[in-house]
Amino acid sequence: MDYHRLYKYICQFCFSIQIVWGLNEVTLLNPPEEPVSDYLLKVLYSCDKPSGVQLESVISFDSGITSTLVLRQWSCVPSSIKIRTLKLSLPDWLVFKADGIVPDSQWVLSCILRASVESSGSDVSEQAVLDQDVASLEPKPPLSRPLKQHQLCLPWSTQMLQINPQSSKTQCPLEKETVPLLSSIYASTGENFGITKMLDAHSSEVLEFLRFKAVSSPWCMFSIWILVSRHCQERMCGVFYHLDSHNNYITPALLLSRSGQLHVQMSGESGESSAFLCPFTVPLSQWCQVNLVLRGQIVTVSMMCIDEEQRTVHSTEHIFKHALVLDDTEGYFVIGGGKFIRGVEGFYGPVVYYRNRVPSYNMSEVVVPDLIETVNLTGWLKTCQRFHLELNVKISGYSLKAKQKAESESCMDVYHNWRVKDSHPLKRCELWEASVPQRRYAAKLAELLAFKHGGKGVSLAAVGRALYSLSLHKLGKASSLGVVSRILPLLLQAGCLADNQALHLSSVIYSAGLGVKKQPNKAWLLTLLAAQRDYRLALLHLGHLHHTGDHGVNQDPDLAYAYYANIAKQTALDRQNPSSQQATVESIYLNNEEMLNLQTNENHHIFHWLKLQARHGAAEAEQAIGRMLFWGQQGVTANIQKAVRHYERGAVQLEDPVSIYDYAIVLLQGHGVEKDVPRAVTLLKRAMDQGFAPAFNALAWYYEQYERDYERAVQLWEQADLRGSPDAAMNLGVMYSQGQYPGKAADQFMAYKYYLKSAGRGHISGAIHLADMWTTGIPGYVNRRPSDAVLWVKWAAEQNGYLGSVLQKALASYLKSDRLMSVLYYLIAAESGYAAGQFNVAYLCEQNTGSFLDAAFASDCMWRYYNLTIQSQNPDTYALIRVGDLLYEGQNEREKDLSSAAQMYKLAALREDPQGWYSLGLLAEEGYRLPLSLLIDLDLPELYLADDTLLLTTLYKRCRDSEGTESYLPCSLALFSVYLHSFQQDYSAAIKFCSAVAVAAAPPILLIILGVLRRRGLSLH
């Protein structure tokens, strides 16, 4: 009976402790949905000991900053549950619109209302949160908030602000009447490519009124800097002109004639056009500023040209008989070439349009733009001109000697040969044979070429090619960066002798600082020179520079488009004319072992295995071998003749529809085999009968090109389009665009829809046509989208086979452990903006096997190219992780940036990379508080106020449950470590609690036991 009573007492004691333990409570009963003013908020709270209740607001801004504002505080004494009603006073800048009294604020991402019961303590570190409750408020955008009705006497300054209504409005920046159409240097190849610019109407009503008023009586000026390297080879070439929405030339049109004179054309109100020819000519290889001034019907053309220190000024004026019309918002302006006219061969400098005004100017006092002075194109051209003269003298001398030797050897008798052999005459050097040490290789190669060819056919370009080959040979034998600075003069001389590969390689070396001091301006000069000569990779490089604004070059999407469009259209043509100098562009990352293991060559075991499978009748193997050899894929050098043999075997022996189609195409085009159109058509019909979609498209092309049967061609293209053919969609777009679709008029919008479909299916020409339409738009149907246009032509340009060849050489060098040449080739791709090239350069610099790179260069290279990689549209997650690590470590005198590092890890985690989750967990373990905005992006906002254990558990679980099998073990170990640490903390707390209970309960329990024992003793007596 007494034992039952003791058990009852113990249970009652424990139950009372449990009740007291659960008294700490706080709840927001009626939180508002959004931040409001003077809201009556009810808070339920209770506590088991004297504590404090605190109400606060946690606000997160778009800048990544999180601010905590304490709103109210009061004390809590142990008693029954209480409800407190209080007025919620949030900051005015969070609730109201800015009005001069209420200050403006940053953009608020989220607002959390938090109430908490905290234990009292003398030190802040001793205070503990006993219970808390949170509510999320949805903040309004700043301009959607209500205005505050102020109930106070305003100071005089504020009253004056409110009296003037303009002061309370957000002011737009002032519009300039000076429009810079080109703020950089443009290398014009003289083809149908140029810079397209469109102008909008003024936002200011005053300026727009003045502009509209001046349409029928223009009063403006166009200023153009230009350097012509070669006079126009056509009747006319485009310098600067204006086209309307119907592609008609309107005011102004400035063209260059074959004789070098400027042709100026203007249009009037009734559509008539008149023109005049300037009496002066534009000189070659000199920077000239051309000013075209319109004052009503009077047009003045002035030109100032600079030849070293000498300036030449020309001017002419012409009065038109009809009124001129210039609406600069109509159509678009073009700098250089376009759809209907070739551009000037040379370079453009800054182009400025003075809208609605003619500034005062004096041609003899014109200041040359700093940009032109810095790049110093004319300095390079003058130096090369002197080098050409010197080398031409040597080539002539060596050619003469070679001819004399050849003639003397052809008519020598035995006696004369014996005399020459026995006399050993002393060799005499002519005066012209002397050369400076830096040019001795050029002179020696000129001599070797002259004697090799018997003094015939030796040109400066041949010496340039020989210098470039010699430079690559020396670089290939080098084991460190030290040799680069010694080879660079040879490359520069080769570039001076018109070798574009040497020019571009030199620019890449200067741009990256590979073994030499970085010189971005020198690199830009060399790239401009190569691009002006239409070198594909230089065009790609300049497109990237102006697309991203890298190396301090002006970011200009229209200029980037001009470069990208050039190489993109060449890419489409190159694919129609495959050669051994091209290869398929393959995005192979050096950290991807699986892709590296698939690389092969004609002597590799994978290639031999495929050949064996092909002999045994495997059609897929025959296709793979033919594709590798034809396009130069998976490390195999392109060999079109061998590829054709595999196509023929698959078509004839295996009756494979893919091989039948491929063999028919090479017969139709005459690639690697004699053209045989009838046989090609027979094969295409056989492939079509087997349902092979590309055969429908190719046969339609035959009917369109050879039979001129447009109805049959369109019918086949429609069938191929239904089967998902990108070529068919592109061809149907062309038919609609050119008005050749049977029974239908030209329809640019229908063409646009087919181009869009074709581009989405991965067709290069479809992407180019789509981008071309997005550059100017289709009035009333398609808006202008220049940024998207740049992305499409960039993608098309990056499919170029010559870029693929560079990537193939880089990978081959890497697989042969030739790290220096691999870095060099990957740098060419990286500086062209190709993401895989940028990644691989950074990866090689990070690995730095054998320390072949200087430590400082390797570190800077890794930082630069990983950063460039993550700016691409779909960056590799490894690059995101490495940039995050570099930001975390703060290398190279850079401070640690944990916030930016966390953002990089977040991006990797969102791409399902387990390393991203793992790195975020490590940051959290080290005490870094992950921002609320970051957790919102990860869809984990509830963890912002959670304890560290729950946060770490969630992050490491995400890491463990990712798809990668390699991450399971490390993430599981990290998760176990969190559990173990949590258990240690809970176990320690449990021990302390039990000890406290034991100490408190021991005296009464002991007294109870003694009383029981005493009663037992008495009963025994």
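Here, every reference points to the structure presented above.
Thresholds, definitions, all that
Residues numbered from 1 in each chain as written. Predicted model: local features only at pLDDT ≥ 70, side-chain atom pairs only at ≥ 80, totals over all residues. Heavy atoms only, no water. Helix = DSSP H or I, 4+ residues; strand = E, 2+ residues; numbered from the N terminus. Buried < 20%, exposed > 50% of the residue type's maximum accessible area, 1.4 Å probe, protein only. Contact = heavy atoms within 4.5 Å. Areas by Shrake-Rupley, 256 points an atom, 1.4 Å probe, with all protein chains shown as cover. Phe/Tyr/Trp six-rings, centres within 6.5 Å; stacked < 30°, edge-to-face > 60°. Lys NZ or Arg CZ within 6 Å of the ring centre and 35° of its normal. Salt bridge = Lys/Arg side-chain N within 4 Å of Asp/Glu carboxyl O. Pairing = 2+ DSSP bridges. Axes fitted to C-alpha atoms, helices over the stretch in contact; angles between N-to-C directions. Parallel < 35°, antiparallel > 145°, perpendicular 65-115°, else oblique. Left-handed = near helix turned anticlockwise from the far one by under 90°. Nonpolar A, V, L, I, M, F, W, Y, C, P; charged D, E, K, R; others polar. Patch = residues over 30% accessible without salt bridge, like charges linked within 9 Å, V, L, I, M, F, W, Y side chains within 5 Å. Polar contact = N/O pair within 3.5 Å; in protein donor to acceptor, adjacent residues only side chain to side chain. Disulfide = S-S within 2.5 Å. Expected span 1.5 Å × (residues − 1).

Engineer: Summarise the overall build of the protein chain; cite the residues concerned and give the values.
Structural biologist: Secondary structure summary: the protein chain contains 36 helices and 20 strands in total. Classification of the 1021 residues of the protein chain by burial places 48% in the buried group. The contacts in the protein chain between residues at least 6 apart in sequence include a share of 64% that link residues at least 24 apart. Accessible surface for the protein chain amounts to roughly 51,100 Å². Of this, 53% is attributable to carbon and sulfur atoms.

Engineer: Let's hear about the side chain of Lys 794: which residues, and what values?
Structural biologist: Turning to its location among the elements, Lys 794 is positioned in helix H26 (residues 786-797). Residue Lys 794 is classed as buried on the basis of its relative accessible area, which comes to 16%. Those residues in contact with Lys 794 that lie beyond four places of it in its chain are His 547, Tyr 564 and Gly 833.

Engineer: Hey, could you go over the packing of aromatic side chains for me, with residue numbers and the actual values?
Structural biologist: Tallied over the entire structure, the rule returns 29 aromatic pairs. For the ring pair Tyr 736 and Tyr 741, a centre distance of 4.5 Å and an interplane angle of 20 degrees mean the geometry is stacked. Tyr 741 shares its class with Tyr 736; the two are buried. Ring geometry for Tyr 918 and Tyr 956: centres 5.8 Å apart, planes at 55 degrees, overall tilted. Remark: Tyr 956 occurs in helix H35 (residues 948-960) and Tyr 918 occurs in helix H33 (residues 914-925); sequence separation between them is 38 residues. For Tyr 918, a relative accessible area of 24% translates into the label partly exposed. You can call Tyr 956 buried: its relative accessible area is 0%. Cation over ring: Arg 723 sits above Phe 696, and NZ or CZ is 4.3 Å from the ring centre. One Lys or Arg, Arg 785, reaches over the ring of Trp 774 and ends 4.1 Å from the middle of that ring.

Engineer: Tell me about the pattern of salt bridges, residues and numbers included.
Structural biologist: Under the counting rule described, the total for this entry stands at 29 salt bridges. With a closest N to O distance of 2.9 Å, Arg 211 and Asp 327 form a salt bridge. Here the residue Arg 211 occupies a position in helix H4 (residues 205-213), and Asp 327 occupies one in the loop between strand E18 (310-319) and strand E19 (332-336), the gap between them amounting to 116 residues. Here Asp 327 falls in the partly exposed class, since its relative accessible area comes to 26%. The residue Lys 339 makes a salt bridge to Asp 772 at a minimum N-O spacing of 3.6 Å. Taken together, the residues span a long stretch of sequence, with Lys 339 in the loop between E19 and strand E20 (345-354) and Asp 772 in helix H25 (residues 764-776) at a distance of 433 residues. With a relative accessible area of 48%, Lys 339 lands in the partly exposed category. For Asp 772, a relative accessible area of 26% translates into the label partly exposed. What emerges from the salt-bridge pattern is a single network uniting Glu 208, Arg 211, Asp 327, Asp 328 and Arg 355.

Engineer: How would you sum up the sheet that holds strand E5 (residues 82-89)? Please name residues and give values.
Structural biologist: Taken in spatial order, the three strands line up as E1-E2-E5 in an open sheet, and their pairing is antiparallel. The outermost strands of the open sheet, each flanked by one partner alone, are strand E1 (25-28) and E5. Here the strands of the sheet are splayed against their neighbours by 25 degrees on average, with no regard to which way each runs. Here E1 pairs with strand E2 (residues 37-46) via four bridges, running antiparallel. Across the sheet, the residue bridging to Leu 28 is Val 43, located in E2.

Engineer: Quick rundown of the pairing of strand E6 (residues 108-119)? Include the residues and the values.
Structural biologist: Counting buried residues in E6 gives eleven out of twelve residues, a clear majority hidden from the surface. Inspection of the sheet shows strand E3 (residues 51-61) paired to E6 by eleven bridges, in the antiparallel sense. When the bridges of E6 are listed, Ser 51 appears paired with Ser 119. Summarising the sheet, E6 and strand E7 (residues 129-137) pair through eight bridges and their orientation is antiparallel. Its bridge partner lying in E7, Leu 113 is registered against Ala 135.

Engineer: Give a description of the sheet that holds strand E14 (residues 261-267) that names residues and reports values.
Structural biologist: Read across the sheet, six strands follow the order E10-E19-E12-E13-E14-E15 without closing on themselves; strand pairing throughout is antiparallel. Looking at which strands have only one partner, the edges of the open sheet turn out to be strand E10 (194-197) and strand E15 (273-281). When strand polarity is set aside, the average angle formed by the axes of neighbouring strands in this sheet is 15 degrees.

Engineer: A description of the packing of helix H12 (residues 520-532) against helix H13 (residues 536-548) should follow, citing residues and the corresponding values.
Structural biologist: Where H12 meets H13, the closest approach of the two axes is 8 Å, and the angle between their N-to-C directions is 130 degrees. In terms of orientation, H12 lies oblique with respect to H13. Crossing hand, H12 versus H13: left-handed. Mapping the contact onto sequence places Trp 524, Thr 527, Leu 528, Ala 530 and Ala 531 in H12 and Ala 538, Leu 539, His 541, Leu 542, Leu 545 and His 546 in H13. Its residues assigned to classes, the contact of H12 with H13 comprises eight nonpolar, three polar and no charged.

Engineer: Run through the environment of Ile 881, naming residues and quoting values.
Structural biologist: Turning to its location among the elements, Ile 881 is positioned in helix H31 (residues 877-889). When the C-alpha positions of Ile 881 and Tyr 905 are compared, they lie 5.9 Å apart, and in sequence the two are 24 residues distant.

Engineer: Report on a nonpolar patch on the surface, specifying residues and quantitative values.
Structural biologist: A surface patch of nonpolar side chains, amounting to about 310 Å² of accessible area, comprises Val 206, Phe 209 and Leu 210. Relative to the helices and strands, Leu 210 is located in helix H4. The exposure class of Leu 210 is partly exposed, given its relative accessible area of 42%.

Engineer: Describe the side chain of His 263, naming the residues involved and giving the relevant values.
Structural biologist: Locating His 263 in the fold gives a position in strand E14. Residue His 263 is classed as buried on the basis of its relative accessible area of 14%. Of the polar contacts made by the side chain of His 263, one reaches the side chain of Gln 265; its length is 3.4 Å. Once residues lying within four places of it in the same chain are set aside, the contact partners of His 263 are Met 236, Ala 253, Leu 254, Leu 255, Ala 275, Phe 276 and Leu 277.

Engineer: Break down the state of the cysteines for me, citing the residues and quoting the values.
Structural biologist: Per the stated rule, a full pass over the model turns up six disulfides. Disulfide pairing is shown between Cys 47 and Cys 76; the S-S distance is 2.2 Å. Judged by the sign of its S-S torsion, about -105 degrees, the cystine formed by Cys 47 and Cys 76 is left-handed. With a gap of 29 residues between them, Cys 47 in the loop between E2 and E3 and Cys 76 in strand E4 (residues 66-76) connect regions that are remote in the sequence. Both residues of the pair, Cys 47 and Cys 76, belong to the buried class. Paired through a disulfide, Cys 845 and Cys 861 show a sulfur-sulfur distance of 2.0 Å. Between Cys 845 and Cys 861, the S-S torsion sits near 80 degrees, and that sign places the bridge as right-handed.

Engineer: Please give an account of helix H20 (residues 677-689) that cites residues and values.
Structural biologist: Here H20 contains 13 residues, and its C-alpha end-to-end distance of 18 Å stays within 8% of the 18 Å for a straight helix at 1.5 Å per residue. Along its buried surface, H20 packs onto helix H19 (657-669), helix H21 (693-707) and helix H22 (710-722). Residue Gly 691 follows H20 closely and has a positive phi angle near 80 degrees.

Engineer: Would you mind going over unusual backbone geometry in detail, with residue names and values included?
Structural biologist: Of note, the bond from Thr 251 into Pro 252 is cis; its omega dihedral lies within 30 degrees of zero at -10 degrees. Structurally, Pro 252 can be placed in strand E13 (residues 249-257). The phi dihedral of His 551 is positive, around 60 degrees, even though this residue is not glycine. Looking at the secondary structure, you find His 551 in the loop between H13 and helix H14 (557-576). In this model, Ser 851 sits at a positive phi of 50 degrees, which is unusual for a non-glycine residue. Its location among the elements puts Ser 851 in the loop between helix H29 (835-847) and helix H30 (855-869).

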